[in-house]
Structure formats: structure tokens, C-alpha cells
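Below are the chains, spelled out letter by letter.
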Amino acid sequence: LCFVQIYLELILGNQPKLAREFFEKYKGQQEGREDDLFELTTITTKEALQLNSTFSHFRSNKYVIRMCKDSFNCLLSHLQDNSHVLLLNLINLHLYVDVFDGLPKQPSQLALSNSTMMGDGMKSVNQQKMHYGVVHPPALLNALLDPDEFDDPGGEGETDPKKKKKKEKMILATVKLKDKTESHAPLPGRIPYPPLTEADIAANNEMIQELTGRYRITHGNQPTIAYYTFLNAKDVVNCADLSEDCKVLAAGCQNSAVKVWSLTRNKIYKMKEAAELDSLNLADENIIDMIMDERTGTQSLTLHGHIGPVYDVSTNYNKSLILSCGDDCTARLWSLQTHTQLVSYRAHEHTVWCCAWSPLGHYFATGGADRLVI
């Protein structure tokens, strides 16, 4: 880092000849940085430095270095005793030394917490307010409160007391959801959501119906538990994920496969071929069931596409899509309706360890060994 800063100081001081001599004299000490050194040789003027984002970042931000207290004190004593004023100025201007107590650590230990090549994020980033509350899209809540969905709950048209009380509970639960505000939630318009489909509204109405039928857990009313065991697995099972309604189980394996099981009597069906779909009436209210080929029903499904172990899987809220990630530096999107891979995302440079859907399934996030969350 000091090598780069001294070279850039000479360039900014209109000393390109001295900068070149300094570069040729000390470049042999910069092992493993051949690509960076080649890029550095292209900077011979102030204008070239301004156009290079990488080395401009070196000048405008402080690079974070972790050192134990004893090592830092020895470094300062050495620089002061030998009157290395230039190096002291470079440290003060372009380095942030994170001093910790205790014994010195090995480079491999420091690598777990050190900066990336571009340094740590700006300190001001952590001073901004975090919006981590749950956002309830107004379109979804308005759809849930649609009177047509509940057949005039609580009105004179309902004569069965039990059904009338159940519908009143459903409306009450939805109203509470709409009125509930979280102080840490972002504004509703900050995160754009695509228009809701009828299937989305039906799925959320079903969720509210299930919520109204739940019982309070007490000492005398304990919940039941279902255990699932992987038997005869060909290779190690690295991860597993249950859908929100616990009807679909997905698992990622060491042999690069993604396996999916239906935990109910409902099988996993594949969509019909295009020629068969053309003859269907899209206005039919049972179109979702009609587009599925009953001949392809199966209780389990294996998806192949990864090149290496799969480390995480995630099922979206309506069980139509599965997200997976693994050792091949990719995140992959799978369709349970076509039994195929839809997209392969290659934004990470190293192993992708984890992935997760947003509550409504419009967004997802991944985290990898390159210390990036995308």
C-alpha cells in the first residue's frame, strides 16, 4: 500500500520520471500483485489518476489494517527513530490502524476480519438509520379486506353462528395487520412491488384462514411435531428448507443435486407442453389445475445443474420457485411447474453460502465467501 501511495504522490507532484524510477526499483518486492502493478503503470499523469476508479479510491479513502498494540508501538518507534517522516504522513493520511489488545495473529486469522482489496466501508455508513421492519404492501391488505372475498362477514346474510364468528375473526385479523405499524419499517413506497395476481390474493386469504384456526399453546394443549428423516441418501445432505405451509421440502446435496419432496398426498406436477396449453381457456377459474399434466405427478423431484456441492436452498411463498446456491459461485432459480432451471446468477466470485426469499417472493438475497451480500 505504501508503494502505491508513494508512486501516486510522485505523479501528483508532477514527477513522472522519479515515479518511474521508484517503480522499477521496488516493483520486485510486490509479489502476487502483477495485475495491479500493470494497471499502476498506466497512470502517468494527474488526469489518468482521476479516470482510474481503483487508485482514486486509494487516495480518497482510508485503508483499514488490524494490528496488535505491541506491533503498532514497535512500528511507530521504528519510523520515528529513523525519521521516516514521509511514511508517517502516509499512515496518517491513508491508513486507519485498528489496534487490538493481545498477542499478534497469523495472517490467516486476520483475513477473516480484514478489509477486502477496496478497504472497509465508510464509517458514516453505520451512522444511517436501518429500516428492518416488515412492510405490508397496501395492495395486498386492500385485497384481503375485499368484502367479496368474505361473503359479507357478520352481515344479515350469514345465519350459521360458527361461520359468522369465523369470518368476523378473519376480518379482525386483517384489520389488525393493516393498522399495525413498525417504527423501524421503511416507507411502503420505498420497495416497489409488482401487481398482485389472483393466486397471490387467494394464497394470503388461505393463510389468514389458517391463522384464525390455530389454538393457543398451553401446558395442557401441546403442539404435535412431525419428524422427517433422510434415508438412503446417495451423498451428504448439506441443507434443507420447508415451505411456509410445510407442504414442500427441498434439500441441497453434496453431489450437486437439489431434491424436492411433497409432504402431503398432493403430488408435484409438471406443466403441459405448449401445444396442449394453446387449447385451454385462460378465463377458466380452474386454469391453474388445468395447465398441469396429471400424468407427470410425483412425490419427489431431482434437479440437476450445479457443479459442486449445494449449500443452501429456499422455497418461495407459493411453492412455485426454489432458489439454491453452492460451491460453483452461482445462485440458481428453479421452477417447480416446469421442473427446470430458469436462471443462473453469477454475481459472486467465490462460494455462495446462503440464499433467502423476501416475504412476498419478489426479491431474494445471497451471501458468499467473497464477503458480499447481493
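Before reading further, recall that the structure is shown in the block above.
An account of the accompanying structure is given in this report. These numbers come from a predicted model, not from an experiment. (Residues numbered from 1 in each chain as written. Predicted model: local features only at pLDDT ≥ 70, side-chain atom pairs only at ≥ 80, totals over all residues. Heavy atoms only, no water.)

Examining the overall build of the chain
Working step 1: Secondary structure assignment for the chain yields 14 helices and 14 strands.
Working step 2: In the chain, buried positions account for 30% of the 374 residues.
Working step 3: The long-range fraction of contacts in the chain, counting pairs at least 24 apart against all pairs at least 6 apart in sequence, stands at 55%. (Helix = DSSP H or I, 4+ residues; strand = E, 2+ residues; numbered from the N terminus. Buried < 20%, exposed > 50% of the residue type's maximum accessible area, 1.4 Å probe, protein only. Contact = heavy atoms within 4.5 Å.)

Side note on the packing of helix 1 (residues 2-12) against helix 3 (residues 34-41)
Working step 1: At a minimum axis separation of 12 Å, helix 1 and helix 3 run at an interaxial angle of 5 degrees. If you check the angle between helix 1 and helix 3, you find them roughly parallel. Contacts between helix 1 and helix 3 involve Phe3, Val4, Tyr7 and Leu8 from the first element and Leu37, Leu40 and Thr41 from the second.
Working step 2: Across the contact of helix 1 with helix 3, the residue classes break down as six nonpolar, one polar and no charged. (Axes fitted to C-alpha atoms, helices over the stretch in contact; angles between N-to-C directions. Parallel < 35°, antiparallel > 145°, perpendicular 65-115°, else oblique. Nonpolar A, V, L, I, M, F, W, Y, C, P; charged D, E, K, R; others polar.)

Comments concerning the sheet that holds strand 11 (residues 331-335)
Working step 1: With antiparallel pairing, the four strands of this open sheet are ordered in space as 9-10-11-12. The outermost strands of the open sheet, each flanked by one partner alone, are strand 9 (310-315) and strand 12 (340-345). Taking the axes of each pair of neighbouring strands and ignoring which way they run, one obtains an average angle of 20 degrees across the sheet.
Working step 2: Where strand 10 (residues 321-326) and strand 11 come together, five bridges link them in antiparallel fashion. Its bridge partner being in strand 11, cysteine 325 is matched across the sheet by alanine 331. (Pairing = 2+ DSSP bridges.)

Details of the sheet that holds strand 5 (residues 257-262)
Working step 1: Read from one edge to the other, the open sheet built from four strands follows the order 3-4-5-8, with strand pairing classed as antiparallel. Since the sheet does not close on itself, it has two edges, and those belong to strand 3 (237-242) and strand 8 (300-304), each with one partner. Taking each pair of neighbouring strands and ignoring which way they run, the sheet shows an average axis angle of 20 degrees.
Working step 2: By the bridge criterion, five bridges tie strand 3 to strand 4 (residues 248-253) in an arrangement that is antiparallel. Looking at strand 4, one finds that leucine 242 is bridged to leucine 249.

Things to note about the nonpolar core
It is characteristic of soluble globular proteins that their nonpolar side chains tend to be buried jointly.
Working step 1: Phe3, Tyr7, Leu8, Leu40, Ile43 and Phe55 are the most contacted members of the largest nonpolar core, which has 15 residues in total.
Working step 2: When contributions to this core are tallied by element, the ones reaching two or more residues are helix 1, helix 2 (16-26) and helix 3.
Working step 3: If you tally residues by element for this core, the top one is helix 1, at six residues.
Working step 4: In this structure, leucine 8 is in contact with Leu40, Ile43, Leu49, Phe55 and Arg59, ignoring residues within four places of it in sequence. (Core = buried A, V, L, I, M, F, W, Y, C linked by side-chain atoms within 4.5 Å.)

A word on the pattern of salt bridges
Working step 1: All told, the structure shown has four salt bridges when counted by the stated rule.
Working step 2: Close ionic contact of lysine 319 with aspartate 245 constitutes a salt bridge, the shortest N to O distance being 2.8 Å. Of this pair, lysine 319 sits in the loop between strand 9 and strand 10 while aspartate 245 sits in the loop between strand 3 and strand 4; the two residues are 74 residues apart in sequence, bridging distant segments of the chain.
Working step 3: Classification of lysine 319 by relative accessible area gives partly exposed; the value is 25%. (Salt bridge = Lys/Arg side-chain N within 4 Å of Asp/Glu carboxyl O.)

Notes on the packing of aromatic side chains
Working step 1: Throughout the structure, instances matching the rule amount to three aromatic pairs.
Working step 2: Taking the centre distance of 5.1 Å and the plane angle of 65 degrees together, the rings of tyrosine 345 and phenylalanine 364 count as edge-to-face. Note that tyrosine 345 is positioned in strand 12 and phenylalanine 364 in strand 14 (residues 364-368), a separation of 19 residues in sequence.
Working step 3: Take tyrosine 345: its relative accessible area is 32%, and that puts it in the partly exposed class. (Phe/Tyr/Trp six-rings, centres within 6.5 Å; stacked < 30°, edge-to-face > 60°.)

Remarks on the pairing of strand 14
Working step 1: Relative to strand 14, strand 13 (residues 352-357) runs antiparallel, the two sharing five bridges. Looking at the pairing, cysteine 355 lines up with threonine 366 of strand 14.
Working step 2: With antiparallel pairing between neighbouring strands as the criterion, strand 13 and strand 14 make up a hairpin whose turn holds six residues, including glycine 361 at a positive phi of roughly 80 degrees.

Some words on unusual backbone geometry
Working step 1: Even without being glycine, serine 256 reaches a positive phi, approximately 80 degrees.
Working step 2: Structurally, serine 256 is set in the loop between strand 4 and strand 5.
Working step 3: For histidine 339, which is not a glycine, the phi torsion comes out positive at approximately 60 degrees.
Working step 4: Here histidine 339 shows up in the loop between strand 11 and strand 12.
Working step 5: Accessibility expressed as a relative area gives 17% for histidine 339, which makes it buried.

Focus: the side chain of serine 324
Working step 1: Structurally, the position occupied by serine 324 is in strand 10.
Working step 2: Polar side-chain contacts of serine 324 include one of 2.7 Å to the side chain of histidine 306.
Working step 3: Apart from the residues lying within four places of it in its own chain, the contact partners of serine 324 are Val258, His306, Val310, Asp312, Val313, Thr330, Ala331, Arg332, Trp334 and Cys355. (Polar contact = N/O pair within 3.5 Å; in protein donor to acceptor, adjacent residues only side chain to side chain.)

Observations concerning the environment of glutamine 29
Working step 1: Looking at where glutamine 29 falls in the secondary structure, it is placed in the loop between helix 2 and helix 3.
Working step 2: Separated by 26 residues in the primary sequence, glutamine 29 and phenylalanine 3 place their C-alpha atoms 9.4 Å from one another.

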